[in-house]
Amino acid sequence: MRPARPFEAVSLLIGVALIAVVMVPLVRVLIGMFWVDGQFTVRPITRTLSLPGLGDLLRNTVIVVLASSAVALVIGVALAWLNERTNARMGLLTDSLPLLPFLLPPVAGAVGWVMLLSPESGLLNSWIRDALGLVGIRADSGPFDIHSWYGLVMVYAFYAVPFVFMNATAGFRNLDSSLEEASRLGGAGLGRTLRKVTLPLVAPSLGAGLLLCVWFGAGMYSLPAIVGTPAGIEVLSVRIVELLTFSYPPDTEVAVGLSGFVVLFVGVAYWLQLRILRRGRYAVQSGKGGAARRIDLGAWKWPARVVILGYVLVSTVLPIVSLVLVALNGYWTPDIGWGSLSLDALRQAVFDDPITSTALANSLGLGVVGGLVGILAAAAVALYVARHRSALSSTVDAGIKLPAAVSNMVIAVGILLLFGGEPFLLSGTLAILLIGYLALYLPQASIAADAAVAGVGDELPEASAVSGATPFRTFRKVYLPLMVPGLVAGWALLFIRMVGDLTASAILAGTGNPVVGFRILEVFTSGSYALLAALSTVLVVITALVLVAVLAYTRRASRHGVRASVGGV
Amino acid sequence: ACGGSPADSATADVTDPELKALVTAAQEEGTVVLYGVPDEKVLRSVADRFTELYGVEVQPVRLVSADLAQRFSSEASSGAPASDLILMTHSPFYADALQKKWLTPVSSAGIPDYPGDYPADYLLSDGDVPVVSLVPTSAVYNTDKVSAPPESWQDYADPKYRGQLAVADPATSPANLSFWQLMRDTYGDDFLRGVAANEPTWHNSAVPGTQAVAAGEDALGHPGVEAIVRNLTESGAPVKTVVPGPTTGPEIALGLTAGSEHPNAAKLFAHFVLSKEGSTLLAEVSGAGSPYGTGLPDGFERPQPVSAQQEKQIKQLLGSP
Amino acid sequence: MDVLPTSESADPVVRVEHLAKRFRRRDGSTVDAIDDVSFDVQAGDLVVLLGPSGCGKTTLLRSIAGLETPDDGVISFGDRVQFSPAEGINVPPERRGVSMVFQSYALWPHMTAFRNVAYPLESRGPGRRNKAETAKRVRRALGLVGIPELEQQYAAQMSGGQQQRVALARALVSNDALVLFDEPLSNVDAKVREQLRVELLSLQRELGFAAIFVTHDQSEAMQLGTRIAVLNKGRIVQLASPLEVYTKPANQYVAKFVGTMNEVLGTVTATKGETAEVKTDLGVLTGRIGGGVDIGDHVAAMWRPESATLSTDEPVAANRLAGRVKASLFLGAATEQVITVDGREVRVQVPGAAVLPGGSDVWIEISEADLLVLPAEDA
Amino acid sequence: MDVLPTSESADPVVRVEHLAKRFRRRDGSTVDAIDDVSFDVQAGDLVVLLGPSGCGKTTLLRSIAGLETPDDGVISFGDRVQFSPAEGINVPPERRGVSMVFQSYALWPHMTAFRNVAYPLESRGPGRRNKAETAKRVRRALGLVGIPELEQQYAAQMSGGQQQRVALARALVSNDALVLFDEPLSNVDAKVREQLRVELLSLQRELGFAAIFVTHDQSEAMQLGTRIAVLNKGRIVQLASPLEVYTKPANQYVAKFVGTMNEVLGTVTATKGETAEVKTDLGVLTGRIGGGVDIGDHVAAMWRPESATLSTDEPVAANRLAGRVKASLFLGAATEQVITVDGREVRVQVPGAAVLPGGSDVWIEISEADLLVLPAEDA
Ligand SMILES: Nc1ncnc2c1ncn2[C@@H]1O[C@H](COP(=O)(O)OP(=O)(O)OP(=O)(O)O)[C@@H](O)[C@H]1O
Ligand SMILES: Nc1ncnc2c1ncn2[C@@H]1O[C@H](COP(=O)(O)OP(=O)(O)OP(=O)(O)O)[C@@H](O)[C@H]1O
Ligand SMILES: [Mg+2]
Ligand SMILES: [Mg+2]
């Protein structure tokens, strides 16, 4: 064997360091739980299992997560199919709009939906009643109630759709259209072709989408807390946070014990996904002749477009509109004073408040820098893993993707414990936030970087080596330029996540290092929906601009035949 | 650089030499980091007055008790406390923190005039933990939906408010539990059953409930948090608070962070908040009560700890989650 | 669907009339992918569409299958019109009842060979056929293409040649009167390709379906086609039997595209019946007129490498060129001699292994019948 | 790097000794991708590695380039050992100083043709060469492959043939003594392929580099190679000139893989010097002995389609078979006759267009010298 080259050694080092940032705090928490006063204990497990109402908690969680994932699957696949495989696509518009829910922090989204669909004072409900009133139907409340099973599942699903959409889009885009055409010629219509050929072929992408839905759903806190609790639906994640926060001292034992169930759910989903992948009978990208031809929907083109836009309107535009209206009105009420809307709240929340301005600047700066550091480090690791298929490299790969399965709160607390004090003394600095963001969002960076590396393939770097270029020169001249579109897309994803982060921010930010997420929490807990709405709106606008710019760039970058995508889109 | 440093513009007339020394030391430190649960505006107002008096800047961090406790303990156990002093709801946290030496006992911190004439009832743990603010639980109602303010807590059990109640889950804070225990003691268990019969919507903090009342989704809410309601009223929302009968509420206590960066500024701030002027100001801007007696409604009772047994009964009677 | 064409039927299996399809490129320009194409395919016919890349072969095939919507023209199968914008008819692909073999096989990787082949039967007549009948037909089709033992394999477990056989079985199983092939052999090994060609041919003769076969490999076209349609920029420039296309190309484009041609440009100095005298840089050559040619016309004199003969002594024939051997390329069955004549390269192919020493002087002789005179096209 | 091999140099350009490489498949089984392979490549040599898919051609080439680490053996270039586990030597690819042309071109899509070609010069001698010198050499290389005008184009803006030429220029620009080709022509049009082969050949003769060329197309191998190495399951089964491989195949495997062969199995009844008499199902055939064959041995009697002749009258030759024409396939330069002899298919290739009516009776005659007798291998 050739001795390790310096470039590869550095890549490996970066990977190991990144993993340590996540693993050390986590292991410390676990040891602290199971190793009490010098001896091993299983008390956390027994206490968790004897928690009253555990059965209901688990049942509710499973129902909400599965139902919303199923709904998201149907919607996400339909949107992705229309957008990728048919001529209903409308360019950047339909590419980016289904991703919008990504940009709205869940706490804002949940509040937005509550303000829309509360039975009496929900804006949408009241508008619908007004409309019904015109035809003589009168009612004082309804027709919808957000605080219900269907309301909760719907809001979850809206947030989960982007995951399915992104992955399904990638799957459809790589699908050789002759596979579908062969089915049409075999006598199968559009529907049968979709059922028998298209969907089974993109099963791994759908599996990955579902996996992310479960991941997201099992860990989500704001949505069930704001929407579910009033409906009497309690789920695991809410209980975990309650255990950590409602009383002092926090009941970490049971909280982490319950997190075990979350890890279990995600683990099962992950295992199912692996099984799909292992069967290996799905479409892989073919090198030649795979020109994707779009299905001509004919007369159905415009109805399909209306459906897409209708979905976007309902899922994203409505809550944002309600947030904007409330921000302008000053407080939530169904009787919007249309004449007296003012920008006061917006100005007050964002521009007049020095802390908010600082927070905004900090968040944007952290997003830019953190995204850059994260994606470059992930790229170095992805390269290393792709070139060395060994036990060590698989371990590094798995380690870097692990944080996605662990409660964000646990990681954030662990990082504060590890880096806050001696010898690092990073508490209250932007550096500790940066570390926190990196630890939390590394899995996403890693997935994006993997895709970017895979896009380069083996031959181009090999051609460079044969041309006499050192590994570092190959990285600089071949890998990096070819990966740039993919990395830019990955960067955008990280930027959006970091700017909108609430979890790490709640624990790690403060007066010395305020960030937007921290401000959002402050504003929410001090009870001003108007300020919350104003802040979220500004956040959505900024991140949406970044997203659209990057999507436009990656589209253009395909000029050289280099593929790139923002999480698959 | 224009206008000079805040220290130059200090307006307090300080004569006591001990205090004078403290002020000078505090001014040298220049700033104090305050972790507090009161509303941001409240903290700001008190801080502004303090800065005006002593020329020391205040950086308030406002979070709910749970988050603050979480942060404070993480920072303290990592040995790098970011705060100088805390204003948090009194809970076993204080005892724990004192015992772990995360907090300096206020009585031995060397605060000028302490305890002096501070009302003794409010000096907990032998004066190591002074209570600085009392937040009486009030009722919140929508002025469009409720013509006259509720005259008694018993209105919550009035069938006409069926489906019109937004109530915070009592388990979300010990103060809520104390309140409901007080209700049991005052009106009997049937009152709680009556509330349950009105099918309240349970929220897991006061915020969404108050918002729902302001929006007219519900007519009555509980608990009314003065600061939130004030924000809403300023924006023109039809919402008001009232205290219709005996009540209790969380007590906010003060703590000095051990090993903090600005110990003198922290002591000076503590001195200010514990003084009659500071305490009264805090009570005024937050609409809460001061140990010196201002702002406390009739029938206010200090919160009593609630046993696990009682908690279970309360939950059962109210049918809360 | 099971209607095998009968020779009594008056209608051709496929009739394409004045078909046109124009694409808009991304840069805004338009391409006439198909430009007023008309032709018939009779029962048992195997028409090869031959032409360089981008000449519209695939577009034409896909239009017939219904996968592409042409701009104009009429497509009918037998007496049923499949496409006619004037009548507002455009039958979707799944109801046209044609089968197609794709270049990339297009096997469904999540189905076994058996399921792949059974798919058209199940899709077309769900409920109509029972399982046993389907299984019987699938097995027969797999037997026909020589891989009955691969029934339960997935595509990923098969070699390219085997995959292509499954694709073939899938196209044949429903016994359609028309089967379309889009460069089906271009992705398999040279050796396997050879073999599959012969098998395909005998299957087509045996089952009697009509076929349209796209390729840009002229030797494949010659071997397979009952007729060859040579395309250029969306138009059919010649539609004839392989022998005719090879020996009587309609114009210079066809001559050069089908097989190798030596070519000298010149001017016609005299014509006599079917022959013309051409003055070229290499001297005066006499040859057969292959198109409307008159005295004074600018023409190309062309001949095939294998129709010239080599000798060391000067021959008496009219068309003789003196040259020098530049290289000898042994091809197996024949040897190609690259000979320099007056600074130009001329190729002569002789049977067997006949490696000549480089630099030796030789005479090239071309009979009048083998030299073709065609109007010169502008490059 | 610029050392062009000189004929005086005693060391071969490449020497491969006892090379072995074994892969572990995912299912746990192992494959001997290269199995004890030894050969030399001399200056100016063009060795073609020929064999079916999966026989180890690519692995062998990549091992020489340094892209794959073999398990055992020695690779040296001239007098410098590049790989030898015994000595602990494994020079990384960037320091071996060989060039390679990849099957899929492997052009860097973010660089122009110029930058692609300049890359090896800049990578190998950064600082050593000035810009003007680099530009001159890049332009010369692009000129050599006939695309000087494409300098500023990106790969995506070029046709397959043009891309392949850029890849060629990139491999030639640094004047390495050894250039490796991994099926470089398999992705281009039949027509363009033909053309590139001839150009490649003349470039190699002109520049004098040694080359190893991988293909599985036997006609390509014959046309290009000064020597052909026929591989089977990781071993070299014959390494000889194209003529020798074609006419004197070392065994039945080579005979069948290189070109088409008719084959009848039988038993040797008598031998006489270089000839043997074989009793077969088609009667007694006499032919040249092509390998160690003795009386009583089970052998294959083989002959090429083009070395048999057809006649309607019974010939007098020793090897004659009576058959009936089944099909005539016109191939352009020749016509292949498929003839049934005693229920077996025999192929005879005759020059020109000679389409015989199906069903007519013919005689096939094979000279003794053209009939090869080789030990029969078990399937
Ligand atoms: N969807 C499309 N959009 C724009 N132009 C197209 C499209 N499909 C084909 N073309 C153009 O139409 C012309 C004919 O294409 P077609 O695919 O039919 O060629 P072909 O003869 O099959 O070529 P090849 O041998 O390369 O497969 C080409 O110029 C091609 O660029
Ligand atoms: N990385 C690998 N892991 C496992 N097996 C491999 C690997 N690379 C090659 N092989 C196996 O080694 C054998 C030789 O492969 P190689 O690619 O050298 O064949 P080849 O002659 O180039 O074939 P082709 O003509 O298809 O390119 C094959 O059986 C192949 O499956
Ligand atoms: Mg085509
Ligand atoms: Mg290979």
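Here the structure is a predicted model, which means the values were calculated and not measured.

> Residue-level account of a nonpolar patch on the surface, with values.
All names here are of chain A. A surface patch of nonpolar side chains, amounting to about 700 Å² of accessible area, comprises Val-27, Ile-31, Trp-35, Phe-40, Val-42, Ile-45 and Leu-49. Secondary structure elements with two or more residues in the nonpolar patch: helix 1 (6–34) and helix 2 (43–49). What makes Leu-49 exposed here is its relative accessible area of 55%.

> For the site of ligand 1, give the residues involved together with the corresponding values.
Residue and element names in this part refer to chain C. For ligand 1, the set of nearby residues contains 15 residues, the closest of which are Ser-53, Gly-54, Lys-57, Thr-58 and Thr-59. At 2.7 Å, a backbone N or O of Gly-54 approaches an oxygen atom of ligand 1. If ligand 1 stood free it would expose 630 Å²; the protein chains cover 70% of that surface. For the shell around ligand 1, the secondary structure elements donating two or more residues are strand 1 (14–24), strand 2 (30–41) and helix 1 (57–65).

> Please give an account of the interface of chain D and chain C that cites residues and values.
Facing the 24 residues of chain D at the interface are 24 residues of chain C. Between chain D and chain C the total buried area reaches about 2200 Å² when both faces are included, carbon and sulfur atoms providing 65% of it. On the chain D side of the interface with chain C, the three residues burying the most area are D:Lys191, D:Leu329 and D:Phe330, jointly 22% of the side's total. On the surface where chain D and chain C come into contact, there are zero salt bridges. Between the two partners, chain D and chain C, sit zero residue pairs in polar contact (both at pLDDT 80 or more).

> An account of the environment of D:Ala141 is needed here, citing residue identities and associated values.
Residues and elements named next belong to chain D. On the secondary structure map, Ala-141 appears in helix 3 (residues 131–144). For Ala-141, a relative accessible area of 5% puts it in the buried group. Along the chain, Ala-141 and Thr-59 lie 82 residues apart, while their C-alpha atoms are 28 Å from each other.

> If you had to explain the interface of chain A and chain B to someone new, which residues and values would you point to?
Contacts between the two partners involve 47 residues from chain A and, on the opposite side, 50 residues from chain B. One can count one salt bridge joining chain A with chain B. Note that A:Glu120 is salt-bridged to B:Lys145, the shortest N-O span being 2.5 Å. Connecting chain A to chain B are six residue pairs in polar contact (both at pLDDT 80 or more). Elements with a minimum of two residues in the side of chain A that touches chain B: helix 12 (236–245), helix 18 (408–420), helix 22 (503–508) and helix 23 (516–525) of chain A. Residues that form the side of chain A that touches chain B fall into these classes: 23 nonpolar, 18 polar and six charged.

> Can you break down the packing of helix 1 of chain A against helix 17 (residues 391–401) of chain A residue by residue, with the values?
All names here are of chain A. In contact at an axis separation of 9 Å, helix 1 and helix 17 are set at 40° when each is read in the N-to-C sense. On the basis of their axis angle, the class for helix 1 and helix 17 is oblique. In terms of crossing hand, the pair formed by helix 1 and helix 17 is left-handed. Between helix 1, through Leu-12, Gly-15, Leu-18 and Ile-19, and helix 17, the contact on the second element is made entirely by Leu-392, Val-396, Gly-399 and Ile-400. By residue class, the composition of the contact of helix 1 with helix 17 is six nonpolar, two polar and no charged.

Reading guide: rules and limits
- Residues numbered from 1 in each chain as written.
- Chains lettered and ligands numbered in written order.
- Predicted model: local features only at pLDDT ≥ 70, side-chain atom pairs only at ≥ 80, totals over all residues.
- Heavy atoms only, no water.
- Patch = residues over 30% accessible without salt bridge, like charges linked within 9 Å, V, L, I, M, F, W, Y side chains within 5 Å.
- Areas by Shrake-Rupley, 256 points an atom, 1.4 Å probe, with all protein chains shown as cover.
- Salt bridge = Lys/Arg side-chain N within 4 Å of Asp/Glu carboxyl O.
- Helix = DSSP H or I, 4+ residues; strand = E, 2+ residues; numbered from the N terminus.
- Buried < 20%, exposed > 50% of the residue type's maximum accessible area, 1.4 Å probe, protein only.
- Near = heavy atom within 4 Å.
- Polar contact = N/O pair within 3.5 Å; in protein donor to acceptor, adjacent residues only side chain to side chain.
- Contact = heavy atoms within 4.5 Å.
- Buried area = accessible area lost by both parts, 1.4 Å probe.
- Nonpolar A, V, L, I, M, F, W, Y, C, P; charged D, E, K, R; others polar.
- Axes fitted to C-alpha atoms, helices over the stretch in contact; angles between N-to-C directions.
- Parallel < 35°, antiparallel > 145°, perpendicular 65-115°, else oblique.
- Left-handed = near helix turned anticlockwise from the far one by under 90°.

By themselves, these observations are geometric and do not establish any function.
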